[in-house]
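Close look at the chain arrangement
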Amino acid sequence: MRVDELVKTLKATLVLGDPAVEVTGAANLREAGPSDISHFSDARYAPDLQVTKAAAVLLKSVEGVDAPQSTALLQVPDPEVAFIQVLTLLYPAEPEKPGVDPRAVVEPGVDLGEGVYVGPFAVIRKGARVGARAVIHAHAVVGRNCSIGEGTIIHSHAVLYDNAKVGKNVVVHAGTILGADGFGYKFRGGRHVKVPQVGVVDIGDDVEIGANACIDRAALGATRVGSGTKIDNLVQVGHNVSIGKHCILCGQAAIAGSSGMDDYAVLGGNAGIADHVFMGKGSKAGAKSGVGKDVPPGAEVWGMFAEERKIAFRQLASIRRLPELIERVRELEKRLAELEPKK
Amino acid sequence: MRVDELVKTLKATLVLGDPAVEVTGAANLREAGPSDISHFSDARYAPDLQVTKAAAVLLKSVEGVDAPQSTALLQVPDPEVAFIQVLTLLYPAEPEKPGVDPRAVVEPGVDLGEGVYVGPFAVIRKGARVGARAVIHAHAVVGRNCSIGEGTIIHSHAVLYDNAKVGKNVVVHAGTILGADGFGYKFRGGRHVKVPQVGVVDIGDDVEIGANACIDRAALGATRVGSGTKIDNLVQVGHNVSIGKHCILCGQAAIAGSSGMDDYAVLGGNAGIADHVFMGKGSKAGAKSGVGKDVPPGAEVWGMFAEERKIAFRQLASIRRLPELIERVRELEKRLAELEPKK
Amino acid sequence: MRVDELVKTLKATLVLGDPAVEVTGAANLREAGPSDISHFSDARYAPDLQVTKAAAVLLKSVEGVDAPQSTALLQVPDPEVAFIQVLTLLYPAEPEKPGVDPRAVVEPGVDLGEGVYVGPFAVIRKGARVGARAVIHAHAVVGRNCSIGEGTIIHSHAVLYDNAKVGKNVVVHAGTILGADGFGYKFRGGRHVKVPQVGVVDIGDDVEIGANACIDRAALGATRVGSGTKIDNLVQVGHNVSIGKHCILCGQAAIAGSSGMDDYAVLGGNAGIADHVFMGKGSKAGAKSGVGKDVPPGAEVWGMFAEERKIAFRQLASIRRLPELIERVRELEKRLAELEPKK
């Protein structure tokens, strides 16, 4: 793509540089070569901008900016979003050709929308509905009576147990299991008696779920993931959990049964929420936190027994001073004993 | 199902309400509608019972109980267990029709019991024995010389490496890997030399293992999981681990090599046991704990470096007071200096 | 195998015992039976050696050693490595017969080396190159334009997304996902906008990756794992991570985006590295640690907010004394008040 084409597509302003230069790739400022486009969105990367070899750089403003002569500067209102557009243009995902591979199993009574792709060895069981333009990759398993929305992509080796519901434009990455039984037992007569898990999983629209994650079906009712929520690899979501819209669950995060997150809440990497605990709207739990009590809306918490972030970090700072404090107390005891009248 | 039929099946006593009412579903007291049955097993839910719309409620005793007139009350000795029975009646699992799907691979020299189901693309390798009525779902892989007991269910995409042994009435959920190599190396000449992992995995009867879990084969001998033990999603069990009977391992728990749990021990969510460490009978480690030393029978431990629970929580409470304690020590130093004779 | 054959193969010295004894298995000193060989590599196991029933034991020196009369003693310079050799001899892995199973899908334009095995239902997509003697097990998926080196083993249900690169003599265990999208979004207009992940995964030679692990593709460029590095089950490696050579990542460890480990670094079980953080050469993070800041070469760190190990453990010891310290401060306050002049 030529710089002037990019300028036109992105509605950018070419402030400096040659409109005829060819751009064939995208890279960070530091790694970019002379046919790459990059972006400058954070003042911390100013030193990288000074020495970049990029053919072109997207930025918000050229004011006060120091970049090599050879680099075209394209002004856009939001360089990060413009860069996303560029990535989509330069690296278009190779589409699968619609159609059902003859080696797939599509049981009778399945409703496949227009333009659906079903890869080899995929299994779609009776009663399932697959929306238009959905992509069911090789080896994916879609259980009985599942429903999959338009444009949704189910990657290889993902498994949807019976009755799972997945919205539109969702991406479920490889190896992810939706709707396995929740972990529910009653202890009777010296053994754990299984509580049948007869609920479902219900995933909204525009959700992305990483690889090898697990979202269990509800015991009764539904385990819910709201639209726009993004879930990373190896995340565990227990039965009857309710996750709001536009939440973020980082890698290896986990939510125990019947807990929840309101819209826009963020659960850091390997952080966990205990059962029957709720994170309020827009609240955040830091990496590895153990959230054992409700988190108010907007609050940030951290720690193995998560506390308000400011408090947790003050405690952490105090702990660092603890060995010294013990010394000071010992010293005080000595000095005080000297002042006290001898018995 | 009619209420009077349920009364008969559950050997319940209909204390109040219409025996002719139809029950079609089950739900919690709060979510139940006028054709649902529910249960009241915990006094905390008394407010939910007062306003429930359920057609019928299972409870231990109607004494002092406040429930709507329209709700039939069924007295049973154990409402939780009766509710499990009801779930099984109202939501029977749709069985797979016995037989081997023509698209499955069953190598020569496999011994399949009566009434076994083998789904499409399942692979059962030579020398494997599959007990009567076992269900091997689509895409499951059963390695050479594996043995699977009667009535056991192996879900899609589960993999049993060669020589794995699984007992009767076990459920292995989707994506779970039994018998991959343990993580064993010797460091020689600047590199990690693999120790061949030639042992096996040996799972008892009535075990349930969640989705995307991993139980490694032993280096030598066997990694064992005792009968009745329940393991949640994404759990990691290292080589040569020995887990007793009726243990509970919650989501993302982990046990490092050569460690173990005695019968009835409980490992909380994302808790881990270090290598060569043993949890005694009936002991418990709280969520996210790091169990670095043996836990006595019956003890409860908690914390990143797990301590007896009472001690750990006293420490936690002390840490919360630490910033204030530092202030108090500073104040003491000031006051003491004023008392001390000037040098 | 007879003891004298072993002596010859291992270039050992038979110090004591019958060269004609048959050895059919290998076991630890304690579990070994009269036809097993064992090894004595650690003085802590001297009591086990005294009572072993092993037919033969590999050891460095017989000096000061107390073993049963019936046990042959084989002196070797490195008993652990000799024992690895023995394991390889006594338990040879049953090889797969080279060839492509007729039920596999090998798309046109795939380059398969000599002696490759491709199992049933494996899928190898166009443009992929598979080196000589590689083993692609049943159900593995190798994406478009992937490259797999000579002698590499891809186990069942492993998935390589398009363009993944895996070196020679690598083992990828079952269920592991290489090259799923990194977790990258920009928050705009109340929702998370996906940043296309157009980079790749690049795995060196002699790497082993456990079961159900995830290594994400880079946003741009490559996520790298250096030669000789060993990765355990359920490990999460984020986009643009760079792992050096001969590193160790224990079970459930995790590295967030753009972070890294230099050669020979060790990440303990369930330990995590925050984003943009780097562990120096040969450094170590203990189990469950949260590595939030760079670790110098050779350093050992531990803790939820990881500190130098010695400091972390001194803090831990101080915390244990904290409840008592609070008492001592209260006592000091009382004693001091008695000394102070009454106001």
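Residues numbered from 1 in each chain as written. Chains lettered and ligands numbered in written order. Predicted model: local features only at pLDDT ≥ 70, side-chain atom pairs only at ≥ 80, totals over all residues.

**Observations regarding the overall build of chain A**
- Secondary structure assignment for chain A yields five helices and 38 strands.
- Taken over the C-alpha trace, chain A has a radius of gyration of 27 Å; the compact-globule value for 343 residues is 20 Å, which it surpasses by more than 25%.
- The C-alpha extent of chain A, read off along each of the three principal axes, is 95 × 70 × 30 Å.
- Once local pairs closer than 6 in sequence are excluded, the contacts in chain A between residues at least 24 apart make up 19%. (Helix = DSSP H or I, 4+ residues; strand = E, 2+ residues; numbered from the N terminus. Rg over C-alpha atoms; globule rule 2.2 N^0.38 Å. Contact = placed C-beta atoms within 7 Å.)

**Concerning helix α1 (residues 3–10) of chain C**
Residue and element names in this part refer to chain C.
- Of the positions making up α1, those classed as buried are V3, L6 and L10. End-on view of α1: buried residues confined to an arc of 55 degrees, all on one side of the axis.
- As for α1, its buried residues are in contact with β1 (13–16), β4 (56–59), β5 (72–75) and α3 (79–90).
- Positioned one or two residues after α1, K11 has a phi angle of 55 degrees, which is positive. (Buried ≥ 20, exposed ≤ 12 C-beta atoms within 10 Å, placed from the backbone. Arc of directions from axis to C-beta.)

**Focus on the interface of chain A and chain C**
- Taken together, the contact pairs 51 residues of chain A with 50 residues of chain C.
- Elements represented by at least two residues in the side of chain A that touches chain C include exactly α3 (79–90), α4 (309–320) and α5 (322–339) of chain A.
- The element that contributes the greatest number of residues to the side of chain A that touches chain C is α5(A), accounting for eight residues.
- Residues of the side of chain A that touches chain C, tallied by class, amount to 24 nonpolar, 16 polar and 11 charged. (Nonpolar A, V, L, I, M, F, W, Y, C, P; charged D, E, K, R; others polar.)

**Re the relation of the copies chain A and chain B**
- If you rotate chain A by 120 degrees and push it 0.0 Å along the axis, it lands on chain B with an RMSD of 0.1 Å. Put plainly, the chains are arranged around a three-fold axis. (Least-squares fit on C-alpha atoms with pLDDT ≥ 70 in both.)

**Some remarks on the pairing of strand β21 (residues 191–194) of chain C**
- In this sheet, β21(C) lies alongside strand β20 (residues 185–188) of chain C in antiparallel orientation, the contact comprising four bridges. In the strand pairing of β21(C), C:K186 is matched with C:V193. (Pairing = 2+ DSSP bridges.)

**Focus on the environment of B:D262**
All names here are of chain B.
- Along the polypeptide, D262 turns up in the loop between β31 (260–261) and β32 (266–267).
- Looking at D262, the number of C-beta atoms within 10 Å reads 19, which means it is partly exposed.
- Along the sequence, D262 and F278 sit 16 residues apart, while their C-alpha atoms lie 7.7 Å from each other.
- Apart from residues no more than four positions distant in its own chain, D262 is found in contact with G244, M279, G280, K281 and P297.

**Here we look at the packing of α4(A) against helix α5 (residues 322–339) of chain B**
- Interaxial distance between α4(A) and α5(B) falls to 8 Å at its minimum, and their mutual angle equals 50 degrees. With respect to α5(B), the axis of α4(A) lies oblique. Counting all contacts with α4(A), which are made through A:R314, A:Q315, A:S318 and A:I319, the residues of α5(B) involved are B:L322, B:P323 and B:I326.
- A class-by-class count of the residues in the contact of α4(A) with α5(B) yields four nonpolar, two polar and one charged. (Axes fitted to C-alpha atoms, helices over the stretch in contact; angles between N-to-C directions. Parallel < 35°, antiparallel > 145°, perpendicular 65-115°, else oblique.)

**As for unusual backbone geometry**
- Positive phi outside glycine occurs at A:H246, with the angle close to 55 degrees.
- On the secondary structure map, A:H246 appears in the loop between β28 (242–243) and β29 (248–249).
- In this structure, B:K11 takes a positive phi of about 55 degrees despite not being glycine.
- Topologically, B:K11 is positioned in the loop between α1 (3–10) and β1 (13–16).

**Quick notes on the interface of chain A and chain B**
- Each partner contributes residues to the interface: chain A has 50 residues there, and chain B has 52 residues.
- Looking at the side of chain A that touches chain B, the elements that each hand over two or more residues are β20 (185–188), β21 (191–194), α4 and α5 of chain A.
- Of the residues belonging to the side of chain A that touches chain B, the class tally is 27 nonpolar, 13 polar and 10 charged.

**Some points on the sheet that holds strand β36 (residues 290–291) of chain C**
Residues and elements named next belong to chain C.
- Taken in spatial order, the 10 strands make up an open sheet running β7-β10-β13-β16-β19-β24-β27-β30-β33-β36, and their pairing is parallel. Two strands close off the open sheet at either side, each with one partner strand: β7 (105–106) and β36.
- Sheet topology note: the strand β27 (residues 236–237)/strand β30 (residues 254–255) ladder contains two bridges and is parallel. Looking across to β30, one finds that V237 is bridged to I255.

**Concerning the sheet that holds strand β28 (residues 242–243) of chain C**
- Taken together, nine strands build an open sheet; the order of strands is β8-β11-β14-β17-β22-β25-β28-β31-β34 (chain C) and the sheet is parallel. Each edge of the sheet is formed by a strand with only one pairing partner; in this case those strands are β8 (111–112) and β34 (278–279) of chain C.

**Re the domain arrangement of chain A**
- Parsing chain A into structural domains produces domain 1 (3–90) and domain 2 (99–310).
- A C-alpha centroid distance of 38 Å is found between domain 1 of chain A and domain 2 of chain A. (Domains from an automatic or database assignment.)

**A word on the pairing of β5(C)**
All names here are of chain C.
- In the sheet, β1 pairs with β5 via three bridges, with the strands oriented antiparallel. Directly across from L14, in β5, lies its bridge partner L74.
- Inspection of the sheet shows β4 paired to β5 by four bridges, in the parallel sense. When the bridges of β5 are listed, L58 appears paired with L74.

**Examining the packing of α5(A) against α5(B)**
- Packing of α5(A) against α5(B) brings their axes to within 11 Å, and their N-to-C directions diverge by 30 degrees. Relative to α5(B), the element α5(A) is oriented roughly parallel. Viewed along their axes, α5(A) and α5(B) form a crossing whose handedness is left-handed. From α5(A), A:L325, A:R328, A:V329, A:L332, A:R335, A:L336 and A:L339 reach across to α5(B), where they touch B:I326, B:V329, B:L332, B:E333, B:L336 and B:L339. (Left-handed = near helix turned anticlockwise from the far one by under 90°.)

**With respect to the environment of B:V201**
Residue and element names in this part refer to chain B.
- Among the secondary structure elements, V201 is positioned in strand β22 (residues 200–203).
- For V201, a count of 27 C-beta atoms within 10 Å gives the class buried.
- Along the chain, V201 and L234 lie 33 residues apart, while their C-alpha atoms are 17 Å from each other.
- In this view, V201 contacts A164, K165, L178, G179, I215, R217, A222 and T223; residues no more than four positions away in its chain are not counted.

**Here's the deal with the environment of B:G292**
Residue and element names in this part refer to chain B.
- Assignment of secondary structure puts G292 in the loop between β36 (290–291) and β37 (300–302).
- Sequence separation of G292 and H139 is 153 residues, and the distance between their C-alpha atoms is 38 Å.
- Leaving out residues up to four positions away in the same chain, G292 has contacts with A274, V277, F305 and A306.

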